[in-house]
Amino acid sequence: MVETDEDMRAPATVEEFRLRLAEVLDDLPRRLRQCADYIAANTERIAVSTVAELAAGAEVPPSALMRFCQILGFSGFSEMQRLFRDAYSPGFPDYSTRLKNLRAGEAGSPAALLAEFVEAGRLSLETLAKQADEEALTRAVDILAAAGTLHLVGYRRAFPVSSYLAYVLEKMAVPAMLHGGLGKLEHRHALRPGDAVLAITFAPYSEETIQMAAEASARGLPVVALTDRMTSPLVRHATAILTVPEVDFGAFRSLSATIAMAMALAVAVGTAREVL
């Protein structure tokens, strides 16, 4: 059982918050675990929500959410909310604000924008090349190559990645099903024994993707997670974990490294199935 440490310093950054959460996660009781799961999947809502709204989303009483804040080292919800307001107010502006900021700077011309996005992509790819976990990649390929049908789950920003994978796998005659919420259809009934799930999500994390991964894991299906960090809420439902860094420019984040990882996965899976 987690106990509150009165001398524990509150996380000073969102990254420290995620690390602290990862440290205490396994020892949290049920209701506090619900708080942790919901908060991790909806960090962008902390800055603009009330205690009652977040508690309702986590399906816990407000007192449980307050207790959750204290266990992480905060004096209460207000202190935790202040951290996320400070972090996400400049970090996740809406698209009109992002465009306005770019126009106000010197990097607003088409040629300058292209150069900046090329550089962001280059840095993302360079970091991936240095930090890629070969053992995790091999494990992910083994899982996906042995599956009957691959379920590709990617919503919002991750949808281009999952749809690309669906296209390439179909060309290689690998049975795959795309789950992206088109027409509000989830197709969870399609999960069958012997299948595997490739779930893709990045901060701010897609709740639909996390729920699909959780359901697949509960049914005993292996889940390969493609995400941005080891503290992603997707990680706890995963059998294999692939993390991909993406550098942003003007709060627009590249998919260069993620697409490279997807290409490697698809081709490796297709090759492995040929020899099975």
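Residues numbered from 1 in each chain as written. Predicted model: local features only at pLDDT ≥ 70, side-chain atom pairs only at ≥ 80, totals over all residues. Heavy atoms only, no water.

### Topic: the nonpolar core
It is characteristic of soluble globular proteins that their nonpolar side chains tend to be buried jointly.
Move 1: Residues L144, L150, L165, L198, I200, V224 and L242 are the most contacted members of the largest nonpolar core, which totals 32 residues.
Move 2: At the level of elements, α9 (134–146), β1 (150–154), α10 (159–171), β3 (196–200), β4 (223–227), β5 (240–243) and α12 (256–275) are the ones that each hand at least two residues to this core.
Move 3: Once residues within four sequence positions are removed from consideration, L144 is found in contact with L150, A196, L198, V224, L265, V269 and R273.
Move 4: Within the second largest apolar cluster, 31 residues are counted, among which are I46, L54, A64 and F68. (Core = buried A, V, L, I, M, F, W, Y, C linked by side-chain atoms within 4.5 Å. Buried < 20%, exposed > 50% of the residue type's maximum accessible area, 1.4 Å probe, protein only. Helix = DSSP H or I, 4+ residues; strand = E, 2+ residues; numbered from the N terminus. Contact = heavy atoms within 4.5 Å.)

### Some remarks on the pattern of salt bridges
Move 1: In total, this model carries 7 salt bridges according to the counting rule given.
Move 2: Ionic pairing is found between R122 and E119, a salt bridge with its closest N-O pair at 2.7 Å. Taken as a pair, R122 and E119 lie in helix α8 (residues 110–131) at a separation of 3 residues, close to a single helical turn.
Move 3: A salt bridge links E208 to R156, with the shortest nitrogen-to-oxygen separation between them at 3.4 Å. Remark: R156 occurs in the loop between β1 and α10 and E208 occurs in helix α11 (residues 207–218); sequence separation between them is 52 residues.
Move 4: On the basis of relative accessibility, which here comes to 27%, the residue E208 falls in the partly exposed class.
Move 5: Take R156: its relative accessible area is 53%, and that puts it in the exposed class.
Move 6: Counted as one network, the salt bridges with shared partners bring together E119, R122 and E126. (Salt bridge = Lys/Arg side-chain N within 4 Å of Asp/Glu carboxyl O.)

### Description of helix α4 (residues 51–58)
Move 1: Taken as a whole, α4 has its buried residues at V51, L54, A55 and A58. Seen from one end, α4 has its buried residues packed into an arc of 100°, which puts them on one side.
Move 2: Backbone geometry just after α4 places E59 at a positive phi near 60°. (Arc of directions from axis to C-beta.)

### Things to note about the sheet that holds β4
Move 1: Read across the sheet, 5 strands follow the order β2-β1-β3-β4-β5 without closing on themselves; strand pairing throughout is parallel. Of all the strands in the sheet, the pair left with one neighbour each is β2 (176–179) and β5. Put simply, the sheet's adjacent strands are angled 15° from each other on average, direction ignored.
Move 2: Pairing of β3 with β4 involves 4 bridges; the strand directions are parallel. Bridged to I200 within β4 is L226.
Move 3: Seen against the sheet, α10 touches β1, β2 and β3 and runs at an angle of roughly 155° to β1. (Pairing = 2+ DSSP bridges. Axes fitted to C-alpha atoms, helices over the stretch in contact; angles between N-to-C directions.)

### Section: the packing of helix α2 (residues 30–41) against α4
Move 1: In the contact formed by α2 and α4, the axes pass within 9 Å of each other and the chain directions differ by 105°. When the axis of α2 is compared with that of α4, the two are roughly perpendicular. Across from Q34, C35, Y38 and I39 in α2, the residues of α4 making contact are L54, G57 and A58. (Parallel < 35°, antiparallel > 145°, perpendicular 65-115°, else oblique.)

### Observations concerning the packing of α2 against helix α5 (residues 62–71)
The axes of two packed helices give the description: the angle between them and the distance between them.
Move 1: Put simply, α2 and α5 touch, their axes get as near as 9 Å, and they point 75° apart. Relative to α5, α2 is oriented roughly perpendicular. Residues R31, L32, C35, A36 and I39 of α2 touch α5, and the partners they reach there are A64, L65, R67, F68 and I71.
Move 2: Within the contact of α2 with α5, the residues separate by chemical class into 8 nonpolar, no polar and 2 charged. (Nonpolar A, V, L, I, M, F, W, Y, C, P; charged D, E, K, R; others polar.)

### Thoughts on unusual backbone geometry
Move 1: Positioned with a positive phi, E59 is a non-glycine residue whose angle comes to about 60°.
Move 2: Summarising the element assignment, E59 is placed in the loop between α4 and α5.
Move 3: Its identity is not glycine, yet A173 carries a phi of approximately 60°, on the positive side.
Move 4: Mapped onto the elements, A173 comes out in the loop between α10 and β2.
Move 5: Of the residues examined, A173 reaches a relative accessible area of 69% and is grouped as exposed.

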